[in-house]
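# Descriptive analysis of the structure
In case you want the letters, here they are:
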Amino acid sequence: MTKEEETVIPEVTGNDTRPTRGATAGDDAITDDTQVEAGHNGRPTGSRPGGTRRWWLAVPLLLLVAGGIYLYGARAKSLAAKQAQKKPATMPVVAVPAGKKDVGVYLTGLGNVTALNTVTVKSRVDGQLMAVHFREGQDVRRGQLLAVIDPRPFQVQLTQAEGQMARDREQLNNARLDLQRYKQLWQQDSGSRQQYDTQEALVRQLEGSLKVDQGQIDSARLQLVYSRITAPVAGRVGLRQVDPGNIVHASDTNGLVVITQVQPITVVFPLPEDNLPKLLAKVKTGARLTVDAYDREQRQQLASGLLQTLDNQIDPTTGTVKLKAVFPNTDNQLFPNQFVNVRLLLETRRNAIVVPAAAIQRGSQGTFVYVVKADRTVTVRPVVVGVHQADIVSVDSGLAGGEMVVVEGAERLREGSKVELRNPAGTKGQQGTPDPGGRNRKGANQPSVPAAAGPGGRQ
């Protein structure tokens, strides 16, 4: 190519045009679609800014960076999961040793306290209530004076009966003297037999009148006794029903006061008929079965007594049989018509394995416990649960005395989980409570479960 054939093509830059070398005549073959038309300010109208091209180049880079971060995070999580599987976390738990103690087998029921004797004191004579000699709620003795009915009408009747008897007695004496005279006359044939017999009948008639007079005297004296109302039984008096000054009658529906005998006192409670064979077997041997009465929450023992008797039939509507127990009730903890929870001790199992109730876990395979081994890992141990007593449970099989069982933190454990033993809240190495070092346990070779509070806490 010669110098003459070179063509200068102006380069548009801003508002000025500068010639650009290097373009040849062959460039004239460019079509009209690629020609640049100058705008109003000299800038090409069909061109794109350079920044737009740079933004499209940055998008793939951002995607590459995001993908790298995601892959790195996923790999880190996978490594952390593998490390967690290789090194399981140590779970803090509370464990106690399984102990040995005597455990009682109880039959429980809801009982009703019944007074041994309940007496409604009524007047047996008609008259005015003159005085009351008791305080409401007072404990009275048998024969103690409670009230006085006006005795004057009965004293008058007694006087009349005594006068009548005195008159009839003198008539009888006179008739007996006449009988002796008539007898002598009859024996001497000076009198008739009829007169003698008539006089003898009169004497017997007057003797009968004398007995009637004696009965009237005894009746009047009895009325005087009834005018002084005394306590028929020892017990506690209730609220007074009649005030002094009122006229009382023997036919009154309400009495003067009600006396309930509370020492001793009885409790009647039902038991299911399924328990009857074992109970009868104990009763036939002459065993004296202990019965304990507890409050509504079964936490406080109110009284302890003995089983007295069983009912002679089973209630067909409930399928239960009624039992009666007697309590001394020296401290008056039981009150008539009070509802109590009754626990009848059927038998005592000696040296049974016991654990806290919180240690017993339940799953699809039944009941089990988590046993802490010497290497501070736990193993699942199936057990057979026996008697429940409040917060302790006896284990019939599957556990030996002294083995550590988990009582707190079991919900996070699995077979072979690593554990760290800690003391329960508020304790500092107490006896029977394990600590991590095992130095604070006293008598570690013969551990025992602390005595439970409430009905199951009896030793």
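Residues numbered from 1 in each chain as written. Predicted model: local features only at pLDDT ≥ 70, side-chain atom pairs only at ≥ 80, totals over all residues. Heavy atoms only, no water.

On a plain count of helices and strands, the chain comes out with four helices and 22 strands. Burial status across the chain gives 32% buried among its 459 residues. Counted over contacts in the chain with a minimum sequence separation of 6, partners at least 24 positions apart contribute 72%. Carbon and sulfur atoms form 50% of the exposed surface of the chain, whose accessible area is close to 29,500 Å². (Helix = DSSP H or I, 4+ residues; strand = E, 2+ residues; numbered from the N terminus. Buried < 20%, exposed > 50% of the residue type's maximum accessible area, 1.4 Å probe, protein only. Contact = heavy atoms within 4.5 Å. Areas by Shrake-Rupley, 256 points an atom, 1.4 Å probe, with all protein chains shown as cover.)

Next up on the list: the sheet that holds strand S5 (residues 127–132). Taken together, four strands build an open sheet; the order of strands is S8-S7-S5-S10 and the sheet is antiparallel. The sheet is open, and its two borders are formed by strand S8 (228–230) and strand S10 (247–248), each paired with just one other strand. When strand S7 (residues 145–149) meets S8, the two strands line up antiparallel, connected through three bridges. Directly across from Ala147, in S8, lies its bridge partner Ile229. (Pairing = 2+ DSSP bridges.)

Let us look at the packing of aromatic side chains. Per the counting criterion, the structure on display carries two aromatic pairs. Plain terms: the ring middles of Trp186 and Tyr196 are 5.8 Å apart, the flat faces sit at 10 degrees to each other, and that makes the pair stacked. Taken together, the residues span a long stretch of sequence, with Trp186 in helix H2 (residues 152–187) and Tyr196 in helix H3 (residues 193–226) at a distance of ten residues. Tyr196 sits in the buried class, given a relative accessible area of 11%. Geometrically, the ring pair formed by Phe368 and Tyr370 is edge-to-face, given 5.5 Å between the ring centres and 90 degrees between the ring planes. Residue Tyr370 is classed as buried on the basis of its relative accessible area, which comes to 8%. Across the ring face of Trp186, the terminal group of Arg193 is positioned such that the distance to the ring centre comes to 4.4 Å. Note that Arg343 overlies the ring of Tyr106, its terminal NZ or CZ placed 4.4 Å from the centroid. (Phe/Tyr/Trp six-rings, centres within 6.5 Å; stacked < 30°, edge-to-face > 60°. Lys NZ or Arg CZ within 6 Å of the ring centre and 35° of its normal.)

Let us look at the pattern of salt bridges. Counted by the stated rule, this structure contains 13 salt bridges. Ionic pairing is found between Asp139 and Arg236, a salt bridge with its closest N-O pair at 3.5 Å. One end of the pair, Asp139, is in strand S6 (residues 139–140); the other, Arg236, is in strand S9 (residues 235–237), with 97 residues separating them in the sequence. A residue is classified by how much of its surface remains accessible, and Asp139, at 48% relative accessible area, is partly exposed. The closest approach of N and O atoms between Asp178 and Arg181, which form a salt bridge, is 2.7 Å. Of the two residues, Asp178 and Arg181 both sit in helix H2, three residues apart, roughly one turn of that helix. (Salt bridge = Lys/Arg side-chain N within 4 Å of Asp/Glu carboxyl O.)

Once that is clear, we can look at the side chain of Ser123. Residue position: Ser123 is located in the loop between strand S4 (99–121) and S5. The exposure class assigned to Ser123 is buried, which follows from its relative accessible area of 5%. In this structure the side chain of Ser123 is engaged in a polar contact, spanning 2.6 Å, whose partner is the backbone oxygen of Val125. (Polar contact = N/O pair within 3.5 Å; in protein donor to acceptor, adjacent residues only side chain to side chain.)

All quantities given are derived from atomic positions and should not be read as evidence of function.
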